[in-house]
Amino acid sequence: PASEAGGTTLHIAETGGSNSAVLTLTGGSGGNGSFTGQIQFNDKDDTDERIAMIGASQSGTGTPPGGKLHFYTQINGGALTEALNLDASQNATFAGSQTIYADGNVTLAATKGLFFDGGTHTSIAESAGDNLRFTVGGSNILDITTTSISGSASSTGSFGVLAVGGAYVNNT
C-alpha cells in the first residue's frame, strides 16, 4: 500500500498485468440530470458538512447517455456552490456564466470583459448592451455601438475622417 504522511490513503492498483485500475461509482435514478456518483470532501470536525465535491450526472436519454462533471466549492461560512461544469459536449462553464466551448469560442456574462496581462487596465468589454469598449492603460480608447464608432487616445470624441476605397469623407 501507498504511504501518505499525516493522512489516510486509498490506493487502488491492478497488479496482475496490463489492465488499468478502475474505481466505479454507480447510483442515481438513471434519468436525465440524475447524479450517478460523487466524491465528497468533508469538514474534519463535522463529517456531515461538505466543503467541496466532484459529482457526475447523466446528460440526455440516449444509449449510452452523455455525462457531465460538476465541481463544487464552499466559501468560508457559505453554501456549497457549483464552480465548474464540464458538459457532454466538452464545454466548460464557470461560476458566473463564463463558458469555454469545445470549439474554442468563449462567452462572458453581460458587461464582463477580457483582461490582458492579469490586470485591470487593458481590456475588451461590453460596456452596456450591444456596446463594445476597448480600454488600454486605463483609458477608453475605442467604443463600438450598433450605430457608431468613437474614441481616441486623448478623448472619446468621434473620428474625423473615414476612408473608403481611397476617397475620404470628413465628419466635421
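A brief structural summary.

Attention shifts here to the sheet that holds strand 3 (residues 66–74). Spatially, the seven strands line up as an open sheet ordered 1-2-3-4-5-6-7, and their pairing is antiparallel. One side of each edge strand has no neighbouring strand; the edge strands of this open sheet are strand 1 (35–42) and strand 7 (106–107). Sheet topology note: the strand 5 (residues 92–94)/strand 6 (residues 98–100) ladder contains three bridges and is antiparallel. Its bridge partner lying in strand 6, Phe94 is registered against Gln98.

Before going further, it helps to examine the side chain of Thr99. Here Thr99 lies in strand 6. For Thr99, a relative accessible area of 7% gives the class buried. A polar atom in the side chain of Thr99 sits 3.2 Å from the side chain of Thr93. When residues no more than four places from it in sequence are discounted, the contact partners of Thr99 are Asn91, Ala92, Thr93, Asn105, Val106 and Thr107.

Turning to the pairing of strand 2 (residues 50–59), a few remarks are in order. Looking at chain direction, strand 1 and strand 2 are connected through seven bridges and run antiparallel. In the strand pairing of strand 2, Phe41 is matched with Ala52. When strand 2 meets strand 3, the two strands line up antiparallel, connected through eight bridges. Each bridged residue has a counterpart across the sheet, and for Gly55 the counterpart in strand 3 is His70. Counting the residues in the hairpin turn of strand 2 and strand 3 gives six residues, including Gly60, whose phi is positive at 90 degrees.

The rules behind each value
- Along each chain, numbering runs from 1 in the same order as the chain's sequence is written.
- Local features in this predicted model are restricted to residues whose pLDDT is 70 or higher, and side-chain atom pairs enter the listing and the counts only when it is 80 or higher, whereas totals over whole chains, interfaces and linings include all residues.
- Side-chain measures here rest on the full set of heavy atoms in the structure, leaving out hydrogens and waters.
- Following DSSP output, two strands are said to pair if at least two bridges run between them.
- Going along the chain from the N terminus, every DSSP run of H or I of four or more residues is numbered as a helix, and every run of E of two or more is numbered as a strand.
- For every residue, the accessible area (1.4 Å probe, protein chains only) is compared with the maximum for its type, and the residue is labelled buried under 20%, exposed over 50%, or partly exposed between those bounds.
- In protein, a polar contact requires one atom able to donate a hydrogen and another able to accept it; more generally it is a pair of N or O atoms within 3.5 Å, and residues adjacent in sequence count only if both atoms are side-chain atoms.
- By the convention used here, residues are in contact when the closest approach between their heavy atoms is within 4.5 Å.

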